[in-house]
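Here are the chains, one letter per residue:
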Amino acid sequence: MHLTSRGFPLFLTFDLDAETMWTGRDPDYARRPVMMSQGAYGWKVGTDRILKLLAHYEARTTFFVPGLVVEQRPALMERILEAGHEIAHHSYSHRWILTLSHDEEREEMERGFEAIRRVTGQAPKGWRSPAAELSDISMDLMLEYGFEYSSNFFDDDSPYLHVVKGRQTDLVELPFRWVLDDAPFFQYSIALPGRTMQAPSAVAEAWNLELDALHAEKRMMMIGFHPQIIGQPSRLWALEQLLKRARDKGDVWIGRCDEMVADMRPRLQAAAA
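Residues numbered from 1 in each chain as written. Predicted model: local features only at pLDDT ≥ 70, side-chain atom pairs only at ≥ 80, totals over all residues. Heavy atoms only, no water.

**Some points on the pairing of strand β8 (residues 221-225)**
Counted residue by residue, β8 has five buried out of five residues, so it is predominantly covered. Side chains M221, I223 and F225 of β8 all project onto a buried face; the interleaved residues M222 and G224 project onto the opposite face, where all are buried too. Of the pairings in the sheet, the one linking strand β1 (residues 8-15) to β8 comprises five bridges and is parallel in character. Directly across from L10, in β8, lies its bridge partner M221. (Buried < 20%, exposed > 50% of the residue type's maximum accessible area, 1.4 Å probe, protein only. Helix = DSSP H or I, 4+ residues; strand = E, 2+ residues; numbered from the N terminus. Pairing = 2+ DSSP bridges.)

**Here we look at the pattern of salt bridges**
Under the counting rule described, the total for this entry stands at 19 salt bridges. The partner of E259 in a salt bridge is R60, with the nearest N and O atoms 2.6 Å apart. Taken as a pair, E259 in helix α11 (residues 257-272) and R60 in the loop between α2 (33-56) and β2 (62-65) lie far apart in primary sequence, 199 residues in all. You can call E259 partly exposed: its relative accessible area is 29%. A salt bridge links K165 to D140; the nearest nitrogen and oxygen atoms lie 2.7 Å apart. (Salt bridge = Lys/Arg side-chain N within 4 Å of Asp/Glu carboxyl O.)

**Here's the deal with the side chain of T47**
If you trace the backbone, T47 turns up in helix α2. If we ignore the near neighbours within four places in the chain, the residues touching T47 are L16, G42, F63, L76, I80 and P227. (Contact = heavy atoms within 4.5 Å.)

**Thoughts on the side chain of R265**
Position of R265 among the secondary structure elements: in helix α11. Summary of buried charges: R265 has no salt-bridge partner, and the nearest side chain of opposite charge, E148, is 4.1 Å away. Residue contacts for R265: discarding those within four places in its chain leaves E148, D170 and V172. (Lys, Arg positive; Asp, Glu negative; His and termini not counted.)

**Here we look at the UniProt feature "domain: NodB homology" (unreviewed entry) in the protein**
Listed under "domain: NodB homology" (unreviewed entry) in the UniProt record, and renumbered for this structure, are residues 32-255. Each end of residues 32-255 is marked by a C-alpha atom, and these two atoms are 37 Å apart; helix forms 48% of the span and strand 14%. (UniProt positions renumbered as here; feature names shortened; annotations may be inferred.)

**Topic: the pairing of strand β7 (residues 167-173)**
As judged from the two bridges shared by strand β5 (residues 149-150) and β7, these two strands associate in the parallel manner. What sits directly across from Y149, in β7, is V172. The sheet contact formed by strand β6 (residues 160-164) and β7 spans four bridges and is antiparallel. Each residue of the ladder has a partner; that of L161, found in β7, is V172.

So this is what it looks like as C-alpha cells:
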C-alpha cells in the first residue's frame, strides 16, 4: 500500500530564491549585476517556463519562496496561485540560518510568514530552510508558528512525524537528499569554485532510477528545484523526462505538499502510535 490514497507521492518543489540565492550568501553580491542576473532569470524566464510545463502535465506543486521575493514579484505570485500551486515558507531574505542570532532567525520567520499570508490569504503550511540547515531553535519556531510540514532533513526516504525534545508532534517531515536537488548537478558560477555542469541526460538518468527504486519500495520522492537553474531549456528537459516516467507508472500522485501531507498524516499518526 502506498502512503497516500492516490498512489505514490512525488513531490516536485521549486525554491524560487531569485537574487536572494546570492545575496543570502554574501550581501556584497548585490553590487555585482551579472551575478544578480543569474537570480533574476528565475523570475523573469524560468518560473513561467516551469508553469507551462506543469500545466501540460496537469501537475500541481509547491513553490518555496523567500518573503522578500514574494513582496518584490506580486504578479508572479499571482500566476503561481492561479495555476493552483502552493506557496510555502523559505525564510524572508534567504540569509543562512547558522549566521543569525536567535532574534534574527525569528524575524526572518515572522517577516516571511506575514509576506505569504498577505499574498495568499492564509498562513503558510510548510517550511524549508535556506541553504539546508537549522539552528537549535528552528524546530521550536516551526511548532510555534503552526507549520504542518517541514522539508529539511536528509535522514530517510519516507515521511515521518517529528519528535521534538522528546515530544511526539504532528509535524510531518518530507525528507530529501542532494541527489534529488538540481543545484549540485547544474549550478555554476565564477563565485562557486569547483562547481561543474553535468549533462541533462545524466541527471535524468539519476532521477529516473531514484523514482524506480523509491516507487518499488512504496516510499516517496521529494525533489528540490530552483527556477533559475531548472528553468533553463535543456535542464527543463530533464524534469520533463521525470514527469513522463511518473505518468507511465500510472499510480503516481504529483501534488502540492500541503494536500499530500493532509492525506498521509493519518497513516503516519497510526504508525507513530
